[in-house]
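In case you want the letters, here they are:
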Amino acid sequence: MAFTSSTAPFSCCFSSSASKDISFPPIKSLKLPLFWPWQKVKMGPLSVSPMGFGTWAWGNQFLWGYQESMDTELQQTFNLAVENGINLFDTADSYGTGRLNGKSEKLLGKFIQEFEGQKRLRDDIVIATKFAAYPWRLTPGQFVKACRGSLDRLQINQIGIGQLHWSTANYAPPQELALWDGLVAMYEKGLVRAVGVSNYGPSQLVKIHDYLKARGVPLCSAQVQFSLLSMGESQLEIKDICDSLGVRLISYSPLGLGMLTGKYTTSILPRGPRGLLFRQILPGLEPLLTSLREIAQRRRKTIPQVAINWCICKGTIPIPGIKTVKQAEENLGALGWRLSSDELLQLEYASRESPQKMIQNIFQTR
């Protein structure tokens, strides 16, 4: 079965509020959507929810502490998202740790097949997966093979958006053309409905857009780290280029790996490598976190909901990661309302006043 998108025909009759104040019934008893993400936005030929969910943590032990015992709640989290109008899920063929590489795609495929809700909702799911630019993937045919591998793990016939995970222009320019031709081949063979890129900087983004256009393949999306912690000159330039070219920007890490949740302080840090990063950056975020907290209290929202809503108001599609039902409930509360222009300005001023920013992905090109 191919999973393609169509605009959901009805909207939710509930408005969202801070999820920590709501008591939710068991997942299987949900009859009506709790939130309001039913309005869809266009992304190339696809219609997707204004926010998607990322699955980087599904199978990643090193950074996110994945264990197989989490699978039951991950499935409940997936079900809750789909039942409440989320139809965009982002993954990658490299997501996982060591022997678990590809685990994220496998779990998504399993959860789709076992989804017991309305068939219309299942058929509406759009999977956006990324193909790693491994050094041994040197020909378009090898990228087509990678795409078929993802299709097998996802147990679907067609991927919504096939994305290049990163550019090799910084370190292996000859491989770059093979990547681009691989995207063209996937598209022409009907293995993907649309194509996109990830971690492409302004210059390379324009180049691949023009190359694909000349081959008759529209560039649907560009995925970059974009948040109140990542709104530097390069990121804003990428956003302007996307707007001018009709490419939808997908913002990953909209919560700064968790730094914009309000959960952590210099004395309360996550375990593992994130803790080391947070220790460097958190002390300089007080102006931004204070503004997020003030707006959240005034709006009766939570800090993460405000941070995600900022991304939506900037015209991007954020894809916060989810591991638990509680996280999904809270993130869904970012939908169905919009920050005012004054609130946007307040947050952006506070971001500029915060001396520390998120470290940019080393794979992002110019």
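To be clear, the structure that these remarks concern was listed above.
These notes cover the structure that comes with them. No experiment lies behind these values; they were computed from the predicted model shown.

**As for the packing of aromatic side chains**
- Throughout the structure, instances matching the rule amount to 8 aromatic pairs.
- On the basis of an interplanar angle of 45 degrees and a centroid distance of 6.0 Å, the ring pair of Phe78 and Phe111 is categorised as tilted. Taken together, the positions of Phe78 in helix 2 (residues 71-83) and Phe111 in helix 3 (residues 103-114) put the pair 33 residues apart, joining distant regions of the chain. Taken individually, Phe78 and Phe111 each receive the classification buried, so the pair is uniform in this respect.
- Between Phe226 and Trp310 the ring centres are 5.5 Å apart and the planes differ by 15 degrees, which places this aromatic pair in the stacked class. With Phe226 in the loop between strand 8 (219-225) and helix 8 (233-245) and Trp310 in helix 11 (residues 303-313), this pair connects stretches of sequence that are 84 residues apart.

**Description of the sheet that holds strand 4 (residues 88-92)**
- Spatially, the 8 strands line up as an open sheet ordered 3-4-5-6-7-8-9-10, and their pairing is parallel. Strand pairing shows two members of the sheet lacking a second neighbour, strand 3 (53-54) and strand 10 (317-318), which therefore form its edges.
- Note that strand 5 (residues 126-131) and strand 6 (residues 159-164) share 4 bridges and pair parallel. Residue pairing for strand 6: Ala128 is matched across the bridge by Ile161.
- Sheet contacts for helix 5 (residues 140-154): strand 5, strand 6 and strand 7 (192-198); angle to strand 5, the most-contacted strand, approximately 140 degrees.
- Packed on one face of the sheet, helix 7 (residues 202-214) meets strand 6, strand 7 and strand 8 and runs near 165 degrees to strand 8.

**Brief notes about the nonpolar core**
- Judged by nonpolar contacts, the single largest core of 98 residues is most densely connected at Phe78, Phe89 and Leu292.
- Looking at which element gives the most residues to this core, the answer is helix 11, with 8 residues.
- Within the second largest apolar cluster, 14 residues are counted, among which are Val41, Leu46, Val48 and Cys220.

**A look at the pattern of salt bridges**
- A full pass over the atoms with the stated rule returns 11 salt bridges.
- We note a salt bridge from Arg293 to Glu286, for which the minimum N-O separation is 4.0 Å.
- Here Arg293 falls in the partly exposed class, since its relative accessible area comes to 33%.
- One connected set of salt bridges, linked through shared partners, spans Arg298, Arg299 and Glu343.

**What about helix 9 (residues 273-281)?**
- Those residues of helix 9 not exposed but buried are Arg274, Gly275, Leu277, Phe278 and Ile281. Buried positions in helix 9, seen along its axis, are confined to an arc of 165 degrees and lie on one side of it.
- Each element contacted by the buried residues of helix 9 is listed here: helix 1 (61-64).

**Quick look at helix 6 (residues 173-188)**
- With 16 residues, helix 6 ought to run about 22 Å at 1.5 Å a step, and its terminal C-alpha atoms sit 24 Å apart, in line with that.
- When we look at burial in helix 6, the residues that qualify are Gln175, Glu176, Ala178, Leu179, Trp180, Asp181, Gly182, Leu183, Val184, Ala185 and Met186.
- Looking at the buried residues of helix 6, the elements they touch are strand 5, helix 5, strand 6, strand 7 and helix 7.
- Phi turns positive one or two residues past the end of helix 6, at Gly190, with a value near 75 degrees.

**Observations concerning the side chain of Ser94**
- Note that Ser94 resides in the loop between strand 4 and helix 3.
- Look at Ser94 and you get buried, because its relative accessible area is 17%.
- Sequence-distant contacts of Ser94, that is, excluding residues within four places in its chain, are made with Asn101, Gly102, Ala132, Tyr134 and His165.

Criteria and cut-off values
Residues numbered from 1 in each chain as written. Predicted model: local features only at pLDDT ≥ 70, side-chain atom pairs only at ≥ 80, totals over all residues. Heavy atoms only, no water. Phe/Tyr/Trp six-rings, centres within 6.5 Å; stacked < 30°, edge-to-face > 60°. Helix = DSSP H or I, 4+ residues; strand = E, 2+ residues; numbered from the N terminus. Buried < 20%, exposed > 50% of the residue type's maximum accessible area, 1.4 Å probe, protein only. Pairing = 2+ DSSP bridges. Contact = heavy atoms within 4.5 Å. Axes fitted to C-alpha atoms, helices over the stretch in contact; angles between N-to-C directions. Core = buried A, V, L, I, M, F, W, Y, C linked by side-chain atoms within 4.5 Å. Salt bridge = Lys/Arg side-chain N within 4 Å of Asp/Glu carboxyl O. Arc of directions from axis to C-beta. Expected span 1.5 Å × (residues − 1).

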